[in-house]
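These are the residues of each chain, in order.
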Amino acid sequence: MKYRTYLIFGAPGSGKGTQGKILGAIPRFFHCACGDVFRQLDTRTQVGQAFLEYSSRGELVPDEVTVKLWMARLGDMVGSHTFKPDIDSLVLDGIPRSVNQAKIMNDMIEVKRVFHLACPDRNALVTRLKKRALKENRFDDANEETIRRRLETYEEESKPVLEFYGPDLVKDIDATQTPVKVLQDILCAVNTAG
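Residues numbered from 1 in each chain as written. Predicted model: local features only at pLDDT ≥ 70, side-chain atom pairs only at ≥ 80, totals over all residues. Heavy atoms only, no water.

Is there a simple way to think about the packing of helix α1 (residues 16–24) against helix α9 (residues 179–192) in this case?
In a pair of packed helices, the angle between the axes and the distance between the axes together describe the arrangement. Packing of α1 against α9 leaves a shortest axis separation of 10 Å and a crossing angle of 60°. By the angle class used here, α1 and α9 are oblique. In this structure, α1 crosses over α9, and the sense of that crossing is right-handed. Listed contacts from α9 to Q19, I22 and L23 of α1 are P179, V182, L183, I186 and L187. (Axes fitted to C-alpha atoms, helices over the stretch in contact; angles between N-to-C directions. Helix = DSSP H or I, 4+ residues; strand = E, 2+ residues; numbered from the N terminus. Parallel < 35°, antiparallel > 145°, perpendicular 65-115°, else oblique. Left-handed = near helix turned anticlockwise from the far one by under 90°. Contact = heavy atoms within 4.5 Å.)

The structure is reproduced here in C-alpha coordinates:
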(Lines give C-alpha, C1' and ligand atoms only; values in the text may rest on other atoms or scores of the structure.)
Protein backbone atom coordinates (compact mmCIF):
# COMPACT_ATOMS: atom_id res chain seq x y z
CA MET A 1 0.00 0.00 0.00
CA LYS A 2 1.36 3.39 -1.00
CA TYR A 3 1.06 6.20 1.53
CA ARG A 4 -1.19 9.07 0.36
CA THR A 5 1.29 11.95 0.57
CA TYR A 6 1.62 15.72 0.39
CA LEU A 7 5.14 17.12 0.08
CA ILE A 8 6.13 20.49 1.51
CA PHE A 9 9.11 21.56 -0.53
CA GLY A 10 11.44 24.56 -0.52
CA ALA A 11 14.85 25.92 0.30
CA PRO A 12 16.14 25.84 3.88
CA GLY A 13 14.34 28.56 5.84
CA SER A 14 11.30 28.73 3.52
CA GLY A 15 8.87 27.59 6.26
CA LYS A 16 8.48 23.87 5.52
CA GLY A 17 8.60 22.84 9.17
CA THR A 18 6.16 25.51 10.29
CA GLN A 19 3.60 24.55 7.66
CA GLY A 20 4.16 20.83 8.17
CA LYS A 21 3.51 21.10 11.91
CA ILE A 22 0.30 23.04 11.33
CA LEU A 23 -0.98 20.56 8.74
CA GLY A 24 0.02 17.67 11.00
CA ALA A 25 -2.21 19.12 13.75
CA ILE A 26 -5.28 18.76 11.50
CA PRO A 27 -7.11 15.44 11.97
CA ARG A 28 -6.29 12.84 9.30
CA PHE A 29 -2.93 14.43 8.46
CA PHE A 30 0.34 13.07 9.84
CA HIS A 31 3.47 15.23 9.64
CA CYS A 32 6.91 13.64 9.39
CA ALA A 33 9.88 16.03 9.13
CA CYS A 34 13.04 14.36 7.93
CA GLY A 35 15.14 16.99 9.72
CA ASP A 36 13.53 16.02 13.04
CA VAL A 37 14.37 12.36 12.35
CA PHE A 38 18.03 13.36 11.91
CA ARG A 39 18.11 15.75 14.87
CA GLN A 40 16.79 12.99 17.15
CA LEU A 41 19.65 10.66 16.19
CA ASP A 42 22.02 9.66 18.95
CA THR A 43 25.26 11.35 17.83
CA ARG A 44 27.25 8.65 19.63
CA THR A 45 26.09 6.06 17.08
CA GLN A 46 27.72 5.42 13.70
CA VAL A 47 24.68 6.82 11.84
CA GLY A 48 24.60 9.84 14.16
CA GLN A 49 28.29 10.53 13.54
CA ALA A 50 27.80 10.22 9.77
CA PHE A 51 24.90 12.69 9.93
CA LEU A 52 27.00 15.20 11.91
CA GLU A 53 29.84 14.88 9.43
CA TYR A 54 27.64 15.69 6.41
CA SER A 55 25.44 18.37 8.01
CA SER A 56 28.39 20.30 9.47
CA ARG A 57 29.70 20.69 5.92
CA GLY A 58 26.26 21.75 4.62
CA GLU A 59 26.00 18.57 2.53
CA LEU A 60 23.14 16.11 2.13
CA VAL A 61 23.27 12.74 3.86
CA PRO A 62 23.51 9.93 1.22
CA ASP A 63 20.14 8.99 -0.30
CA GLU A 64 20.02 5.35 0.79
CA VAL A 65 20.84 6.26 4.42
CA THR A 66 18.25 9.04 4.44
CA VAL A 67 15.45 6.89 3.00
CA LYS A 68 16.33 3.96 5.30
CA LEU A 69 16.16 6.21 8.38
CA TRP A 70 12.88 7.72 7.17
CA MET A 71 11.36 4.28 6.52
CA ALA A 72 12.40 3.04 9.97
CA ARG A 73 10.86 6.10 11.64
CA LEU A 74 7.64 5.76 9.66
CA GLY A 75 7.52 2.05 10.47
CA ASP A 76 7.73 2.94 14.16
CA MET A 77 4.87 5.44 13.75
CA VAL A 78 2.69 2.86 11.97
CA GLY A 79 3.56 0.23 14.60
CA SER A 80 2.56 2.55 17.42
CA HIS A 81 -0.63 3.57 15.56
CA THR A 82 0.49 7.21 15.63
CA PHE A 83 0.29 7.21 11.82
CA LYS A 84 -2.65 5.26 10.39
CA PRO A 85 -1.95 5.01 6.65
CA ASP A 86 -5.41 3.66 5.84
CA ILE A 87 -7.05 6.91 6.99
CA ASP A 88 -4.25 9.48 7.38
CA SER A 89 -2.51 11.53 4.69
CA LEU A 90 1.24 11.78 5.14
CA VAL A 91 2.76 15.28 5.14
CA LEU A 92 6.49 15.22 4.43
CA ASP A 93 9.02 18.00 4.66
CA GLY A 94 12.72 17.59 4.04
CA ILE A 95 12.34 14.39 2.03
CA PRO A 96 12.77 13.60 -0.81
CA ARG A 97 15.74 15.95 -1.16
CA SER A 98 17.04 14.59 -4.45
CA VAL A 99 15.63 13.01 -7.60
CA ASN A 100 17.28 9.73 -6.58
CA GLN A 101 15.43 9.80 -3.21
CA ALA A 102 12.18 10.54 -5.05
CA LYS A 103 12.78 7.51 -7.29
CA ILE A 104 13.63 5.27 -4.30
CA MET A 105 10.44 6.42 -2.52
CA ASN A 106 8.21 6.10 -5.60
CA ASP A 107 7.03 2.61 -4.59
CA MET A 108 6.15 3.80 -1.07
CA ILE A 109 4.32 7.10 -1.55
CA GLU A 110 1.53 8.33 -3.78
CA VAL A 111 2.18 12.06 -4.09
CA LYS A 112 -1.09 14.01 -4.30
CA ARG A 113 0.48 17.49 -4.36
CA VAL A 114 3.88 19.15 -3.92
CA PHE A 115 3.69 22.53 -2.18
CA HIS A 116 6.72 24.50 -3.35
CA LEU A 117 7.36 27.28 -0.83
CA ALA A 118 9.13 29.70 -3.16
CA CYS A 119 11.43 32.41 -1.80
CA PRO A 120 13.73 33.79 -4.50
CA ASP A 121 15.40 36.24 -2.05
CA ARG A 122 18.26 34.10 -0.72
CA ASN A 123 19.39 36.84 1.69
CA ALA A 124 15.97 36.71 3.36
CA LEU A 125 16.44 32.94 3.83
CA VAL A 126 19.91 33.46 5.36
CA THR A 127 18.41 35.97 7.82
CA ARG A 128 15.56 33.57 8.71
CA LEU A 129 17.97 30.71 9.30
CA LYS A 130 20.26 32.77 11.53
CA LYS A 131 17.26 33.84 13.64
CA ARG A 132 16.12 30.22 13.86
CA ALA A 133 19.60 29.13 14.97
CA LEU A 134 19.45 31.53 17.91
CA LYS A 135 15.85 30.77 18.80
CA GLU A 136 16.00 26.96 18.51
CA ASN A 137 19.68 26.26 19.29
CA ARG A 138 20.21 24.67 15.87
CA PHE A 139 23.89 24.25 15.08
CA ASP A 140 23.14 23.54 11.41
CA ASP A 141 21.81 27.10 10.96
CA ALA A 142 24.41 29.08 12.91
CA ASN A 143 27.20 29.62 10.38
CA GLU A 144 26.51 31.84 7.34
CA GLU A 145 29.00 29.97 5.16
CA THR A 146 27.27 26.67 5.99
CA ILE A 147 23.86 28.25 5.32
CA ARG A 148 24.96 29.50 1.89
CA ARG A 149 26.40 26.06 1.09
CA ARG A 150 23.09 24.48 2.10
CA LEU A 151 21.25 26.88 -0.23
CA GLU A 152 23.62 25.97 -3.09
CA THR A 153 23.10 22.28 -2.37
CA TYR A 154 19.34 22.86 -2.47
CA GLU A 155 19.59 24.55 -5.89
CA GLU A 156 21.82 21.83 -7.35
CA GLU A 157 20.47 18.64 -5.78
CA SER A 158 16.99 19.29 -4.37
CA LYS A 159 15.28 21.73 -6.72
CA PRO A 160 15.30 19.22 -9.65
CA VAL A 161 12.79 17.17 -7.59
CA LEU A 162 10.17 19.72 -8.68
CA GLU A 163 10.76 18.74 -12.32
CA PHE A 164 10.59 15.04 -11.36
CA TYR A 165 7.04 15.51 -10.05
CA GLY A 166 6.07 17.91 -12.84
CA PRO A 167 3.73 20.90 -13.15
CA ASP A 168 0.52 18.89 -12.61
CA LEU A 169 1.53 18.05 -9.03
CA VAL A 170 3.60 21.11 -8.08
CA LYS A 171 1.83 24.14 -6.60
CA ASP A 172 4.05 27.21 -6.19
CA ILE A 173 3.30 29.19 -3.04
CA ASP A 174 4.89 32.52 -2.14
CA ALA A 175 6.82 31.77 1.08
CA THR A 176 7.39 35.48 1.76
CA GLN A 177 3.73 35.89 2.74
CA THR A 178 2.61 35.61 6.36
CA PRO A 179 2.51 32.02 7.65
CA VAL A 180 -1.31 32.21 7.83
CA LYS A 181 -1.56 33.22 4.15
CA VAL A 182 0.87 30.45 3.16
CA LEU A 183 -1.30 27.97 5.09
CA GLN A 184 -4.44 29.30 3.41
CA ASP A 185 -2.86 28.75 -0.02
CA ILE A 186 -1.80 25.21 0.96
CA LEU A 187 -5.27 24.31 2.26
CA CYS A 188 -6.92 25.63 -0.92
CA ALA A 189 -4.56 23.43 -2.96
CA VAL A 190 -5.24 20.39 -0.71
CA ASN A 191 -8.95 20.76 -1.43
CA THR A 192 -8.32 20.72 -5.20
CA ALA A 193 -5.79 17.84 -5.16
CA GLY A 194 -6.91 14.60 -6.78
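So that's the structure; there's more coming.
Any chance you could explain the sheet that holds strand β1 (residues 3–10) here in plain terms?
For sheets, the rule is that strands pair by backbone hydrogen bonds, running either parallel or antiparallel. Pairing is parallel across the open sheet formed by five strands, whose spatial order is β2-β3-β1-β4-β5. The outermost strands of the open sheet, each flanked by one partner alone, are β2 (29–33) and β5 (170–174). For this sheet, the mean inter-axis angle between neighbouring strands, taken without regard to orientation, is 25°. For β1 and strand β3 (residues 89–93), the ladder comprises four bridges, and the chain directions are parallel. Bridge assignment links T5 to a residue of β3, and that residue is L90. Contacting β1, β2, β4 (109–118) and β5, α9 runs over the sheet at an angle of about 150° to β4. (Pairing = 2+ DSSP bridges.)

Honestly, the pairing of β1 in this entry has me stumped. Any pointers?
Summarising burial for β1: seven of the eight residues are buried, a large majority. Sheet topology note: the β1/β4 ladder contains eight bridges and is parallel. Within the sheet, the bridge partner assigned to Y3 lies in β4 and is I109. (Buried < 20%, exposed > 50% of the residue type's maximum accessible area, 1.4 Å probe, protein only.)

Teacher, can you tell me more about the side chain of D93 here?
Turning to its location among the elements, D93 is positioned in strand β3. In this structure, D93 is buried with no salt-bridge partner, the nearest side chain bearing the opposite charge being K16 at 5.6 Å. Setting aside residues up to four positions removed in sequence, D93 forms contacts with I8, K16, G17, H31, C32, A33 and C34. (Lys, Arg positive; Asp, Glu negative; His and termini not counted. Salt bridge = Lys/Arg side-chain N within 4 Å of Asp/Glu carboxyl O.)

How should I be thinking about the environment of E156 in this particular structure?
With respect to the secondary-structure elements, E156 resides in helix α7 (residues 144–158). In this structure, the C-alpha to C-alpha distance between E156 and P27, residues 129 residues apart in sequence, is 35 Å.

Quick question: what am I supposed to make of unusual backbone geometry here?
Phi is mostly negative for residues that are not glycine, and the peptide bonds are mostly trans. For the peptide bond that leads from I95 to P96, omega is -5°, which places it in the cis range. Relative to the assigned elements, P96 resides in the loop between β3 and α5 (99–105). Phi at H81 is positive, roughly 65°, even though this residue is not glycine. Looking at the element boundaries, H81 is found in the loop between α4 (63–79) and β3.

What should I look at first to understand α4 in this one?
Two residues of an α-helix separated by three or four positions point the same way, owing to the 3.6 residues in each turn. The first and last C-alpha atoms of α4 sit 24 Å apart over 17 residues, in line with the 24 Å expected at 1.5 Å per residue. Burial in α4 covers these residues: D63, T66, V67, L69, W70, L74 and M77. All buried residues of α4 project into a common sector of 160° when viewed along the axis, lining one side. Every exposed residue of α4 that faces more than 90 degrees away from the buried side is listed here: K68, D76 and G79. The positive-phi residue at the C-terminal boundary of α4 is H81, with phi of around 65°. (Expected span 1.5 Å × (residues − 1). Arc of directions from axis to C-beta.)

In this structure, what is going on with α1? I would like to understand it.
Three or more residues of α1 are buried, namely K16, Q19, G20 and L23. Buried residues in α1, looked at end-on, bunch into an arc of 100°, giving them a common side. Residues of α1 that are buried make contact with β1, β2, β3, β4 and α9.

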